[in-house]
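Chain by chain, the residues:
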Amino acid sequence: MHMVIYALVEASTEDEALAAGKAVFSRLVGADPHSTAVFDYFVTFDENDTTVAGKARWGDLPTAAPVNSEDGGELLDQAWNATKEEFQQNLDRVKEALDELSDEAIMHDEDLARHAFRQVGAYEGPSIPMYDQHAQGIRHRGQLDRILQEDGDSQTLWIVPADVHY
């Protein structure tokens, strides 16, 4: 499956932001020797040579945008909304499983209940659409707010989208 994920990175220029974003995404696909792959591959929106990912799948998203720009604000809103929706969907599945399934059924993972439990607690992977510049998943609003506040000059914080396969 494909999804768009986002990296929040500090950079002075769009090219630096894209390079920093690619470093984050490379860690998430296991290209860094000290990382574990949580996605199969990524395609950033500067790439035009694919017919199944990136622009071909999602349209013409910005390659990278300062968070305080119109494009950056839209990407940040999309990323945060995706984060909330994914969490809520998995949390609803967990609550339903606890209400409707026996302990034995949950143990046997009927209705993928245990999978939903895992997704609610995930720190990276398909249930986490947004990452910081260290490839750490942004899981809650307080974490996002700290990153946004740490940026002394808002022009240095960029958001970089990528299409990932998992």
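Note that this is a predicted model, so its numbers are computed, not measured. (Residues numbered from 1 in each chain as written. Predicted model: local features only at pLDDT ≥ 70, side-chain atom pairs only at ≥ 80, totals over all residues. Heavy atoms only, no water.)

Draft legend 1. Fine view of the overall build of the protein. A tally of helices and strands in the protein yields six helices and five strands. Along its sequence from the N terminus, the protein presents helices and strands in the succession β-α-β-α-β-α-α-α-β-α-β. Computed over its C-alpha atoms, the radius of gyration of the protein comes to 17 Å, within 12% of the 15 Å expected for a compact globule of 166 residues. Reported as C-alpha extents along the three principal axes, the dimensions of the protein are approximately 55 × 35 × 30 Å. When the 166 residues of the protein are sorted by exposure, 42% land in the buried category. Within the protein, counting contacts between residues at least 6 apart in sequence, those at least 24 apart form 63% of the total. (Helix = DSSP H or I, 4+ residues; strand = E, 2+ residues; numbered from the N terminus. Rg over C-alpha atoms; globule rule 2.2 N^0.38 Å. Buried < 20%, exposed > 50% of the residue type's maximum accessible area, 1.4 Å probe, protein only. Contact = heavy atoms within 4.5 Å.)

Draft legend 2. Seen up close, the packing of aromatic side chains. In this structure the tally under the stated criterion is one aromatic pair. Look at Phe-25 and Phe-42: their rings are 5.6 Å apart centre to centre, the planes differ by 50 degrees, and that puts the pair in the tilted class. With Phe-25 in helix 1 (residues 14-28) and Phe-42 in strand 2 (residues 41-44), this pair connects stretches of sequence that are 17 residues apart. Since its relative accessible area comes to 1%, Phe-25 is described here as buried. Accessibility expressed as a relative area gives 19% for Phe-42, which makes it buried. (Phe/Tyr/Trp six-rings, centres within 6.5 Å; stacked < 30°, edge-to-face > 60°.)

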